[in-house]
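One letter stands for each residue in the lines below.
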Amino acid sequence: SLLCVGLVWFTQISAGGSYWTDLFPGFLLIGIGMPFVFVPVTIAAVAGVSHDQAGLASGLINTSQQIGGALGIAVLAAIANSVTSGAVADGTATPQALVDGFTTAFWVAAAGAFAGIAAIAVFVRQDGLAATGEVALHRTAYLLTGDLATARPQVRDAPGAALATRPRDPAD
């Protein structure tokens, strides 16, 4: 949600604005909010994956993030360019036309972020998240230490618990 708020902040830029009042607060909000998105998404993507498939799952999530970011920037740049060109053709001064283009692109980006928040609220099952996250945490601790005691009993009964308590196979 901080991403959404930061993007909405950027829609308030002006042609004569300054970095500290028009941009820095939005950058700060987005910079604080993004780790709260990327880390849980990465954990969720690899939590239920077997040890021998973890590298593949991690590579797929990283690739999808990179491609998604590139496509998102391309779409937003096309929107900003189209609005800016239209405003200049209508006689708007170039600085204000640029602001109009970027403002529209930021509104579209904020709408996309809001749609992501809504999709999470509707489609992500809350009951399985805590167990999956706890299993992932204890599985990681087990893999790092080799100590089976790190897989606590309540975690052993959770979905995907076999991954947390599976003895490490030398072939892995």
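Residues numbered from 1 in each chain as written. Predicted model: local features only at pLDDT ≥ 70, side-chain atom pairs only at ≥ 80, totals over all residues. Heavy atoms only, no water.

A. Broad picture of the packing of aromatic side chains. Considering all chains together, one arrives at six aromatic pairs under this definition. Members of the aromatic cluster, connected to one another through ring pairs, are Phe10, Tyr19, Trp20, Phe24, Phe27 and Phe106. (Phe/Tyr/Trp six-rings, centres within 6.5 Å; stacked < 30°, edge-to-face > 60°.)

B. Expanded view of the packing of helix H3 (residues 35–47) against helix H4 (residues 54–89). Axis separation between H3 and H4 bottoms out at 9 Å; the angle between their running directions is 140°. Looking at the two axes, H3 sits oblique to H4. In this structure, H3 meets H4 at a crossing whose hand is right-handed. Contacts from Phe38, Val41, Thr42, Ala45 and Val46 in H3 reach Ala54, Ala57, Ser58, Ile61 and Gln65 in H4. Among the residues forming the contact of H3 with H4, the class breakdown is seven nonpolar, three polar and no charged. (Axes fitted to C-alpha atoms, helices over the stretch in contact; angles between N-to-C directions. Helix = DSSP H or I, 4+ residues; strand = E, 2+ residues; numbered from the N terminus. Parallel < 35°, antiparallel > 145°, perpendicular 65-115°, else oblique. Left-handed = near helix turned anticlockwise from the far one by under 90°. Contact = heavy atoms within 4.5 Å. Nonpolar A, V, L, I, M, F, W, Y, C, P; charged D, E, K, R; others polar.)

C. Inspection of the side chain of Thr11 at higher detail. In this fold, Thr11 is placed in the loop between helix H1 (2–10) and helix H2 (19–33). Here Thr11 falls in the buried class, since its relative accessible area comes to 6%. Looking at Thr11, its side chain comes within polar contact range of the side chain of Gln12, at 2.8 Å. Residue contacts for Thr11: discarding those within four places in its chain leaves Thr103, Phe106 and Trp107. (Buried < 20%, exposed > 50% of the residue type's maximum accessible area, 1.4 Å probe, protein only. Polar contact = N/O pair within 3.5 Å; in protein donor to acceptor, adjacent residues only side chain to side chain.)

D. Molecular detail of the confidence of the model for the chain. Overall, the predicted model of the chain reaches an average pLDDT of 81, with 72% of residues at or above 70. In the predicted structure, residues 153–158 sits below a pLDDT of 50 and forms 12 contacts with residues beyond four places in sequence or in another chain. Taken together, the stretch residues 161–167 has pLDDT below 50 and engages in 20 contacts with residues farther than four places along the chain or on a different chain. (pLDDT = per-residue confidence, 0-100.)

E. Region of interest: a nonpolar patch on the surface. Together, Leu2, Tyr19, Trp20, Phe24, Phe27, Leu28, Ile32 and Phe36 make up an exposed nonpolar region whose accessible area comes to about 830 Å². It is H2 that contributes the most residues to the nonpolar patch, six residues altogether. By the secondary structure assignment, Trp20 is in helix H2. For Trp20, a relative accessible area of 59% puts it in the exposed group. (Patch = residues over 30% accessible without salt bridge, like charges linked within 9 Å, V, L, I, M, F, W, Y side chains within 5 Å. Areas by Shrake-Rupley, 256 points an atom, 1.4 Å probe, with all protein chains shown as cover. Salt bridge = Lys/Arg side-chain N within 4 Å of Asp/Glu carboxyl O.)

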